[in-house]
Amino acid sequence: MKIVVVGPGAFGIKHLDGLKNIESAEVVGLVGRDAAKTQAVADEYAIPHVYTSLEEALESDADAVILCTPTQMHAAQAIACMKAGKHVQVEIPLADSWEDAQEVLKVQEETGKVCMVGHTRRFNPSHQYVHNKITAGELNIQQMDVQTYFFRRKNINAKGEPRSWTDHLLWHHAAHTVDLFAYQAGSKVVKANAIQGPIHPELGIAMDMSIQLLAENGAMCTLSLSFNNDGPLGTFFRYICDNGTYIARYDDLVDGRENAIDVSQVDVSMNGIELQDREFVAAINEGREPNSSVAQVFDCYRVLYELEQQLNAQ
């Protein structure tokens, strides 16, 4: 399968590292605004073609596109890919507005192309371990307590490099947890509340946010997000269940007493991004809907929209 990766930044590199382990995947093109930087990455990964625009890449014979671009571009680029006859995986978030999310789903239904969203937490072995126990009927979630913490008072990316666009706690980082909570609880979010701290004078975004979620089956989630936390970067999930407690830190898992749990046999890799890409490639090859398809994660964006309405009214 011929794949074009769009965006040679921090997450584009993560996808390239994952894709090189998938035998049926061939990265044939890399798209970036800076031709020299993009060429350097392409040379490192032996990618034959470099483009400076998505439009140019969409004229190629590639089967699929993986979008690792600024949030504000995701919806329009995903739509352009599908209309050009390409399957698409768009990094989280799908969109930064409810209207755009609706339009992406509409185009997916019209074209029939695979459209998958990078909700990586569904694929991390740590979260898969918990999900497998839930689907086996061994436990149910009572409450999730989640902390998403970064120290990002300047506009930098995951590699600490200057970023050309502004990240967002609600539409990007909260999307991971809102979707994962409903996915793991196996129940729709029916109530959501949010408050946020002051707007940063330069970045124009809230640096601190608190969110509460209630699922139809009674499960609860509390999510704290901050760009002000001076400490370990990332998101840490505590699953409080009827039959045990688990704490997930990316691909690692411990129980409620910090005893390590071996998740190395949960899937074929310990790399959540690689597993996400494997699902994308497999879904295309098998002609099926992928886990984390736009249809499956769509309700997450309804919740984010409702939370945005609350925050705008404060």
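Attention here is on the structure that accompanies the text. This one's a predicted model, so the numbers in the text were calculated from it and none came from an experiment.

Each value, and the rule that gives it
Residues numbered from 1 in each chain as written. Predicted model: local features only at pLDDT ≥ 70, side-chain atom pairs only at ≥ 80, totals over all residues. Heavy atoms only, no water. Helix = DSSP H or I, 4+ residues; strand = E, 2+ residues; numbered from the N terminus. Rg over C-alpha atoms; globule rule 2.2 N^0.38 Å. Buried < 20%, exposed > 50% of the residue type's maximum accessible area, 1.4 Å probe, protein only. Contact = heavy atoms within 4.5 Å. Lys, Arg positive; Asp, Glu negative; His and termini not counted. Charge placed at Lys NZ, Arg CZ, Asp CG, Glu CD. Pairing = 2+ DSSP bridges. Axes fitted to C-alpha atoms, helices over the stretch in contact; angles between N-to-C directions. Right-handed = clockwise from strand over helix to strand, strands pointing away. Parallel < 35°, antiparallel > 145°, perpendicular 65-115°, else oblique. Nonpolar A, V, L, I, M, F, W, Y, C, P; charged D, E, K, R; others polar. Expected span 1.5 Å × (residues − 1). Polar contact = N/O pair within 3.5 Å; in protein donor to acceptor, adjacent residues only side chain to side chain.

Quick notes on the overall build of the protein chain
- Helix and strand counts for the protein chain stand at nine helices and 14 strands.
- Relative to the compact-globule value of 20 Å for 314 residues, the protein chain shows a C-alpha radius of gyration of 19 Å, a close match.
- Taken along its principal axes, the extent of the C-alpha atoms in the protein chain is 50 × 45 × 40 Å.
- The burial tally for the protein chain puts 54% of its 314 residues in the buried class.
- Within the protein chain, residue pairs in contact and separated by at least 24 positions form 67% of the contacts whose partners lie at least 6 positions apart.
- Of note, the protein chain has its 25 positive side-chain charges centred 3 Å away from the centre of its 42 negative side-chain charges.

Details of the sheet that holds strand 2 (residues 26–31)
- Spatially, six strands are ordered 3-2-1-4-5-6 in an open sheet, and the strand pairing comes out parallel. Strands with a single pairing partner mark the edges of an open sheet, and in this sheet they are strand 3 (49–51) and strand 6 (115–118). Averaged over all pairs of adjacent strands, the angle between their axes in this sheet comes to 20°, without regard to strand direction.
- In terms of strand pairing, strand 5 (residues 87–91) meets strand 6 through four bridges, oriented parallel. Across the sheet, E91 pairs through a bridge with G118, a residue of strand 6.
- Across the face of the sheet, helix 2 (residues 35–44) comes into contact with strand 2 and strand 3 while running at roughly 165° to strand 2.

Regarding the pairing of strand 4 (residues 64–67)
- Residues A64 and I66 point to one face of strand 4 and V65 and L67 to the other, with burial holding for every one of them.
- Judged from the four bridges that link them, strand 4 and strand 5 form a sheet pairing that is parallel. Residue A64 lies in a different strand from strand 5, and its bridge partner there is H87.
- In the classification by handedness, the crossover that spans strand 4, the intervening helix 4 (residues 74–83) and the parallel strand 5 is right-handed.

Things to note about the sheet that holds strand 8 (residues 189–196)
- One open sheet accounts for eight strands, arranged 8-9-10-7-11-12-13-14; its pairing is mixed. Looking at which strands have only one partner, the edges of the open sheet turn out to be strand 8 and strand 14 (260–261).
- Sheet topology places strand 9 (residues 208–215) next to strand 10 (residues 220–226); seven bridges connect them, and they run antiparallel. Residue pairing in the sheet places S210 in a bridge with S224 of strand 10.
- Contacts between helix 6 (residues 125–135) and the sheet are confined to strand 7 (141–149), strand 11 (234–241), strand 12 (244–249), strand 13 (252–255) and strand 14, with strand 12 contributing the most and set at about 150° to the helix.
- The sheet contacts of helix 9 (residues 294–313) involve strand 8 and strand 9, and relative to strand 8 the element is tilted by about 40°.

What to know about the packing of helix 6 against helix 7 (residues 169–185)
- Contact geometry for helix 6 and helix 7: axes closest at 9 Å, N-to-C directions at 30°. In terms of their interaxial angle, helix 6 and helix 7 are classed as roughly parallel. Two secondary-structure elements touch here, helix 6 through H127, V130, H131 and I134 and helix 7 through L180, Y183 and Q184.
- Of the residues that constitute the contact of helix 6 with helix 7, the class distribution is four nonpolar, three polar and no charged.

Thoughts on helix 8 (residues 272–286)
- Over its 15 residues, helix 8 runs 21 Å from end to end, which matches the ideal 21 Å to within 8%, given 1.5 Å per residue.
- Of all 15 residues in helix 8, twelve are buried, a share of seventy percent or more.
- Here helix 8 has its buried residues at G272, I273, E274, L275, Q276, D277, E279, F280, V281, A282, A283 and I284.
- Where helix 8 starts, the residue carrying a side-chain oxygen 2.9 Å from the main-chain nitrogen of I273 turns out to be N271.
- Just downstream of helix 8, G287 is the residue with a positive phi angle, here 65°.

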